[in-house]
Amino acid sequence: QMQLVESGGGSVQPGGSLRLSCAASGRLFRSYTMTWYRQGSGEQRELVATIDSGGSESYSDSAKGRFTISRDNAKNTVLLQLDSLKPEDTAVYYCNARILFGTKQISPDYWGQGTQVTVSS
C-alpha cells in the first residue's frame, strides 16, 4: 500500500516558478516508478514527467526544458520543479506511483489528491 500527498501548488505569474512535492508513505518507495500527471479544467489527464526506480527521467514535449523531476529515496519524496510557467500549465497536478517490471505493471496504481497550479497575470 502506498499513500501519496502532494504539496507546493499555488498561483504564479507567467514566467514564474513553483516546486511541487509528493510525499510517499509505504514500503519499497525506491522500487516505484513515480510520475506527475496534470489535468486542466475540462481536459483529460496527461502525463508530465516520469522518474523510474533507477533515476531515469522522461518528459512530455510540453514539459521538456522547463520542468525537472527528481526523487529522494531517503525521504520518500519526488519533486517537480516548474520553471518558465505559462498560462496553459494551469491544472491540478497529481502524483502517481506504480511498480514496473520491464514494461509490465506489477502493482496497483496509487494516486495523490492533487495540487492546484494556476498561472495567470
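Our subject is the structure that appears above.
Treat the numbers as computed from the prediction; the structure is a model and nothing was measured.

### Focus on the overall build of the chain
Then step 1. Secondary structure summary: the chain contains zero helices and 13 strands in total.
Then step 2. The linear arrangement of helices and strands in the chain, starting from the amino end, is β-β-β-β-β-β-β-β-β-β-β-β-β.
Then step 3. For the chain, whose C-alpha radius of gyration is 14 Å, the value lies close to the compact-globule estimate of 14 Å for 121 residues.
Then step 4. Dimensions of the chain along its principal axes, counting C-alpha atoms only, are 40 × 30 × 25 Å.

### What about the side chain of N96?
Then step 1. Topologically, N96 is positioned in strand 9 (residues 91-98).
Then step 2. Side-chain polar atoms of N96 contact the backbone oxygen of Y110, separated by 3.4 Å.
Then step 3. If we skip the residues at most four places from it in the chain, N96 touches L4, T33, M34, T35, Y37, D109, Y110 and W111.

### Some details on the pairing of strand 9
Both faces of the sheet carry side chains from a regular strand, because those side chains alternate between them.
Then step 1. The buried fraction of strand 9 amounts to eight of the eight residues, a majority that puts the element mostly inside the structure.
Then step 2. In strand 9, alternate side chains face the same way, and those of A91, Y93, C95 and A97 on one face and V92, Y94, N96 and R98 on the other are all buried.
Then step 3. As paired elements, strand 9 and strand 13 (residues 115-119) share three bridges and run antiparallel to each other. Across the sheet, Y93 pairs through a bridge with T115, a residue of strand 13.
Then step 4. Taken together, the two bridges between strand 9 and strand 12 (residues 110-111) define a ladder with antiparallel strand orientation. Residue pairing for strand 12: A97 is matched across the bridge by Y110.

### Structural notes on the nonpolar core
Then step 1. In terms of nonpolar packing, the biggest core is built from 29 residues, with L4, M34, W36, L80, L82 and Y93 touching the most fellow members.
Then step 2. When residues of this core are traced back to their parent elements, those giving at least two are strand 3 (18-25), strand 4 (33-39), strand 5 (46-51), strand 7 (67-72), strand 8 (77-82), strand 9 and strand 13.
Then step 3. The residues touching M34, leaving out its near neighbours within four places in the chain, are L4, C22, F29, A49, T50, I51, I69, R71, V78, C95, N96 and A97.

### Looking at the packing of aromatic side chains
Then step 1. Scanning the entire structure with this criterion turns up two aromatic pairs.
Then step 2. Seen in terms of ring centroids, Y37 and W111 are 5.0 Å apart; in terms of plane orientation they differ by 55°. Their pairing is tilted. A residue pair is termed long-range when its members are at least 10 positions apart, and Y37 in strand 4 and W111 in strand 12 qualify at 74 residues.
Then step 3. Between R71 and the ring centre of F29, over which it is positioned, the NZ or CZ distance is 4.7 Å.

### Things to note about the pairing of strand 3
Then step 1. Sheet topology note: the strand 1 (residues 3-7)/strand 3 ladder contains five bridges and is antiparallel. Bridging across to strand 3, L4 finds its partner in A24.

### A word on the environment of I51
Then step 1. Tracing the backbone through its elements, the reader meets I51 in strand 5.
Then step 2. When the C-alpha atoms of I51 and V78 are compared, they prove to be 8.6 Å apart, with 27 residues separating the residues in sequence.
Then step 3. Leaving out residues up to four positions away in the same chain, I51 has contacts with Y32, T33, M34, S56, E57, I69, S70, R71 and V78.

Cut-offs applied
- Residues numbered from 1 in each chain as written.
- Predicted model: local features only at pLDDT ≥ 70, side-chain atom pairs only at ≥ 80, totals over all residues.
- Heavy atoms only, no water.
- Helix = DSSP H or I, 4+ residues; strand = E, 2+ residues; numbered from the N terminus.
- Rg over C-alpha atoms; globule rule 2.2 N^0.38 Å.
- Polar contact = N/O pair within 3.5 Å; in protein donor to acceptor, adjacent residues only side chain to side chain.
- Contact = heavy atoms within 4.5 Å.
- Buried < 20%, exposed > 50% of the residue type's maximum accessible area, 1.4 Å probe, protein only.
- Pairing = 2+ DSSP bridges.
- Core = buried A, V, L, I, M, F, W, Y, C linked by side-chain atoms within 4.5 Å.
- Phe/Tyr/Trp six-rings, centres within 6.5 Å; stacked < 30°, edge-to-face > 60°.
- Lys NZ or Arg CZ within 6 Å of the ring centre and 35° of its normal.

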